[in-house]
Amino acid sequence: LVSERKGEAVVSTQSTGEDLITVTTEAATTEDSTTKYVTTERTTTLNTDGCSGTRRRTSEETETTSQTPTKTVSEKPTEDYNDDGKETTELLPAVEGKLVPFEPSCNLRVVVTSGAWYGEQWNGDIAFHAGDEELLLIGLHPERNNIAVRNSVFKRGSLQWGYRWLYTDDYPDSNPDGSREYVFSFGADYLLVTCQGEILLTIRYEELADDGLKFLYSIDSVKFKIEGDDSPQSFKYARNCQGSEEKATEEDEEKEEEVDFKTTDLAPAVEGELVPYTPSCDLKIVVTADKGRGSWSWYSSSVEQWNGDIAFHAGDEELLLIGLHPERNNIAVRNSVFKRGSLQWGYRWLYTDDYPDSNPDGSREYVFSFGADYLLVTCQGEILLTIRYEELADDGLKFLYSIDSVKFKIEGDDSPQSFKYARNCQGSEEKATEEDEEKEEEVDFKTTDLAPAVEGELVPYTPSCDLKIVVTADKGRGSWSWYSSSVEQWNGDIAFHAGDEELLLIGLHPEWNNIAVRNGMFARGRSEWGYWWVDNESDGWSYPASNDDFSREYIFSFKEDNFVVTCQNEVLLTIAYGELTADTQEFLSSIDSVKFKFEGEGAPKAFQHARTCQDPDDSEDYRDWKTFSLSDQLTMTVNSGPEETYFVRFPCSDSIWFKLFLDGETEQNSHIELFSRTRGNIYCNKGGYRNWYGGQRTDFNIYPSWQCDGQFMILEVVKTTEQIVLKNGGNILYSKQLGTRDGNCYKKTDEVRTQVWDYD
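No experiment lies behind these values; they were computed from the predicted model shown. (Residues numbered from 1 in each chain as written. Predicted model: local features only at pLDDT ≥ 70, side-chain atom pairs only at ≥ 80, totals over all residues. Heavy atoms only, no water.)

## A few points about the overall build of the protein
And then number 1: Scanning the protein for helices and strands turns up five helices and 56 strands.
And then number 2: The buried share among the 760 residues of the protein stands at 51%.
And then number 3: Across the protein, every contact between residues at least 6 apart in sequence was considered, and the portion connecting residues at least 24 apart equals 64%. (Helix = DSSP H or I, 4+ residues; strand = E, 2+ residues; numbered from the N terminus. Buried < 20%, exposed > 50% of the residue type's maximum accessible area, 1.4 Å probe, protein only. Contact = heavy atoms within 4.5 Å.)

Next up, the structure:
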């Protein structure tokens, strides 16, 4: 058990089987945000000695806002003008063709004023350099409604005159004085260009170079091209390098104080009004239909009514609209990328034959929940729709973190009688609702002691738990089998349910040396009597022998990618979710109970079950925690397999800056460093161009909120030959894919070291 004294943390390794450590992994990306006419970005740059623990932190911040229109004149720099490369919060006049120092950790702000009396005008070219080598040029052409890109790798747009031209039909208008403000921001994964606070262009680094990080870290200067036949009247720039949260502008603080996202009480919605919203909260909607009106429908004989549209926005831009149509047994989705369902009237229509019934007063309750990977919409507590973020945008996390408001459409010929909403943001455990507490008391999923099963009874169950079954055959009865000379017996059927609906049934038939599977999609094996019979006898597969008392132990586990059944600790059956459902998340989220069938001819003598769920409070029972602190560095030998998992925990009240070294036999392979809950880096020894202590460092941001397990935050680090994943509470904090240029990062770990620098 880790000491609770402040200033200490612990680390452990976990292995299963033959020292093989398995874990589920996902990818994660990062996101920048912009607000119209206000650009606010915070960047903290850390240069850390990979071994010594020394660091240099640069934390600065500025705010840029649209300027009050004023009369401008063409400006030329004075002869003694000199740009020393430091942060320039004040706009400086640009010099044609001069290399100006620039680091991608800063934002480049450009203000261009057109002098053309006859319309729009070229706004100049901005070229990012590595010394004299041009890496990327962006040409600003509002006169053509285009952005010109020059880069040897970039392939988007039409090629003409040596540039790639990207057309936009919505180039932001200039200010009354003819000026426009552009901001160039280099994020963790892509370059973001905004104009007048609106997104003009995003380019992922892999579109610009085979090695995106080499491209990013090579940039050391910028050059402006502003003179020509149609040159702008004025061209100024500034480098804005922004810092910590403590330096947030007063305007941001006031805005944050004004917006209380947590509204547990239902409030009446206003047609067309943008309501502040963050995806970290659930959106609860209660719609009451006008019982006296209803809608005639091709799809239903019942008198139903449209329940309104809910549109999620990034400022004025609609990102996703969900239309609730019980009168058509449909959900309407409007999003430029989404392709499921039938296209009609500008919406994608998703039919459901089981739209939940309304309450006696005509009301329905909907909940919109943005999870780590998908949007979940429930109606009356039942799953109505799930949409993965990659169905909505090329960059799922950018989509998610762009959402800042929601708009309701509720008025029309068939409008509902009442439409109310609430934003429910989950806080601490003390803030759980009484309903949740009562429900948790009623359903205790963790039952480690075996209990006798009841035929046909629905037992509460969640796929996050393993289901353990112990079946004892009646030694005096048995069943004659075509497949075996031994006297065996049917071991019962296990059916996983969503309420009364059976989603998957597994029949255990050692007497036939078979497993019976019943599911609407599954089609493996031999189809007979309404089941698919899976028989692997030809591959040498057979049921493991029973114990001396004729009992067998089965474990049913829902893993990340597949469903696994073991018997006597040997794998009996593996089914990929793609064989069972078209929507894995909906399938898993729907399972809420299990039903057993074990009575009848050839029934077993005893049938017992237990749900085995890992309790965070019992973590010390299976994790060998080792303590380390500011003054006590930990060095630990490990025997790792192809997949390695490490856990680091520290008090929830603290923010710890620490590093986890993963070493090989003779040298360091890699390290994972967190210097706050929002930023960190991964170092690969001998990686990339070896320009950072003989290797390559990848900086990253963490956007998901951390979860506290009682008194502790727990960081889970998973490393394989293909990727390194950081997790907390089941959420992916960051994921790095490993390639041929990542040096020693893929290598097996033989020793773990830790180092702690600081606490807040």
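Having put the structure on the table, let's press on.
## Quick look at unusual backbone geometry
Peptide bonds are, in most cases, trans, and in most cases residues other than glycine have a negative phi.
And then number 1: Although it is not a glycine, tryptophan 345 sits at a positive phi angle of roughly 60°.
And then number 2: Following the sequence through the fold, tryptophan 345 ends up in the loop between strand E25 (342-344) and strand E26 (347-351).
And then number 3: Even without glycine at this site, tryptophan 529 takes up a positive phi of about 60°.
And then number 4: As for its placement among the helices and strands, tryptophan 529 is situated in the loop between strand E38 (526-528) and strand E39 (531-534).

## Some remarks on the environment of valine 337
And then number 1: Summarising the element assignment, valine 337 is placed in the loop between strand E24 (330-334) and E25.
And then number 2: Accessibility expressed as a relative area gives 27% for valine 337, which makes it partly exposed.
And then number 3: Apart from residues lying up to four places away in sequence, valine 337 is in contact with Glu391, Leu392 and Ala393.

## What to know about the state of the cysteines
And then number 1: Summed over all chains, the structure comprises one disulfide.
And then number 2: Covalent S-S linkage joins cysteine 684 and cysteine 745, the inter-sulfur distance amounting to 2.0 Å. Judged by the torsion about the S-S bond (-95°), the cysteine 684/cysteine 745 disulfide is left-handed. Within this pair, whereas cysteine 684 is found in strand E50 (residues 679-685), its partner cysteine 745 is found in the loop between strand E55 (731-737) and strand E56 (751-759), the two being separated by 61 residues in sequence. Neither residue differs from the other here; cysteine 684 and cysteine 745 are each classed as buried. (Disulfide = S-S within 2.5 Å.)

## Comments concerning the sheet that holds strand E11 (residues 146-150)
And then number 1: Spatial strand order, E7-E17-E9-E10-E11-E13-E12: seven strands in an open sheet with antiparallel pairing. Two strands in the sheet have a free side with no partner beyond their single neighbour: strand E7 (99-101) and strand E12 (158-160). Looking at each pair of strands side by side, their axes are set apart by 25° on average, direction ignored.
And then number 2: With five bridges joining them, strand E9 (residues 125-130) and strand E17 (residues 221-225) adopt antiparallel strand pairing. Pairing of aspartate 125 across the sheet is with lysine 225, part of E17. (Pairing = 2+ DSSP bridges. Axes fitted to C-alpha atoms, helices over the stretch in contact; angles between N-to-C directions.)

## Focus: the pattern of salt bridges
And then number 1: What the rule picks out here adds up to 21 salt bridges.
And then number 2: Close ionic contact of arginine 109 with glutamate 181 constitutes a salt bridge, the shortest N to O distance being 3.3 Å. You can see arginine 109 sitting in strand E8 (residues 107-113) and its partner glutamate 181 sitting in strand E14 (residues 179-186), a full 72 residues away along the chain.
And then number 3: For the salt bridge of aspartate 699 with arginine 697, the shortest nitrogen-to-oxygen distance reads 3.1 Å. Residues aspartate 699 and arginine 697 agree in their burial class; the two are buried. (Salt bridge = Lys/Arg side-chain N within 4 Å of Asp/Glu carboxyl O.)

## Considering the environment of valine 112
And then number 1: Residue position: valine 112 is located in strand E8.
And then number 2: In this structure, valine 112 is in contact with Asn123, Gly178, Ser179, Arg180, Tyr182, Pro232, Ser234 and Phe235, ignoring residues within four places of it in sequence.

## A look at the packing of aromatic side chains
And then number 1: Within this structure, the stated rule accounts for 37 aromatic pairs.
And then number 2: A ring pair is formed by phenylalanine 128 and phenylalanine 186, whose centres lie 5.1 Å apart and whose planes are at 85°; its orientation type is edge-to-face. Taken together, the residues span a long stretch of sequence, with phenylalanine 128 in strand E9 and phenylalanine 186 in strand E14 at a distance of 58 residues.
And then number 3: By the ring-pair criterion, three or more aromatic residues cluster together here, those being Tyr277, Phe312, Phe368, Phe370, Tyr389 and Phe399.
And then number 4: The side chain of arginine 753 reaches across the aromatic face of phenylalanine 661, ending 4.2 Å from its centre. (Phe/Tyr/Trp six-rings, centres within 6.5 Å; stacked < 30°, edge-to-face > 60°. Lys NZ or Arg CZ within 6 Å of the ring centre and 35° of its normal.)

## Quick look at a negative patch on the surface
And then number 1: A surface patch of negative charge is lined by Asp353, Asp354, Asp357, Glu382 and Glu501.
And then number 2: When you line up the elements, aspartate 357 lands in the loop between E26 and strand E27 (363-370).
And then number 3: Look at aspartate 357 and you get exposed, because its relative accessible area is 62%. (Patch = residues over 30% accessible without salt bridge, like charges linked within 9 Å, V, L, I, M, F, W, Y side chains within 5 Å. Areas by Shrake-Rupley, 256 points an atom, 1.4 Å probe, with all protein chains shown as cover. Lys, Arg positive; Asp, Glu negative; His and termini not counted. Charge placed at Lys NZ, Arg CZ, Asp CG, Glu CD.)

## Structural notes on the pairing of E11
And then number 1: Burial of E11 is extensive: four of the five residues sit out of reach of the surface.
And then number 2: In the sheet, strand E10 (residues 133-141) pairs with E11 via five bridges, with the strands oriented antiparallel. Each bridged residue has a counterpart across the sheet, and for histidine 141 the counterpart in E11 is asparagine 146.
And then number 3: Here E10 folds back onto E11 in antiparallel fashion, the turn holding four residues, of which asparagine 145 has a positive phi close to 55°.
And then number 4: Pairing of E11 with strand E13 (residues 163-167) involves four bridges; the strand directions are antiparallel. Bridging from a neighbouring strand, isoleucine 147 pairs with leucine 166 of E13.

## Digging into the sheet that holds strand E33 (residues 458-460)
And then number 1: Reading across the sheet, the seven strands line up as E33-E43-E35-E36-E37-E39-E38 and stay open at both edges, with antiparallel pairing between neighbours. Whereas interior strands pair on both sides, the edge strands pair on one side only; in this sheet they are E33 and E38. Each strand of the sheet is rotated relative to its neighbour by a mean of 25°, with strand direction disregarded.
And then number 2: Here strand E35 (residues 493-498) runs beside strand E36 (residues 501-509); their pairing, made up of six bridges, is antiparallel. Within E36, the position partnered with aspartate 493 by the bridge is glycine 507.

## A few points about the side chain of glutamine 196
And then number 1: With respect to the helices and strands, glutamine 196 occurs in the loop between strand E15 (190-195) and strand E16 (198-204).
And then number 2: Given the relative accessible area of 5%, glutamine 196 is considered buried.
And then number 3: Only 3.0 Å separates the side chain of glutamine 196 from the side chain of asparagine 175, close enough to count as a polar contact. (Polar contact = N/O pair within 3.5 Å; in protein donor to acceptor, adjacent residues only side chain to side chain.)

## As for the confidence of the model for the protein
And then number 1: Averaged over all residues, the pLDDT of the protein equals 76, while 75% of them reach at least 70.
And then number 2: Under a pLDDT of 50 for its full length, residues 1-81 has, in the predicted model, 259 contacts with residues more than four places off or in other chains.
And then number 3: Confidence drops under a pLDDT of 50 for residues 243-259, and excluding neighbours within four residues, the segment shows 24 contacts in the predicted structure. (pLDDT = per-residue confidence, 0-100.)

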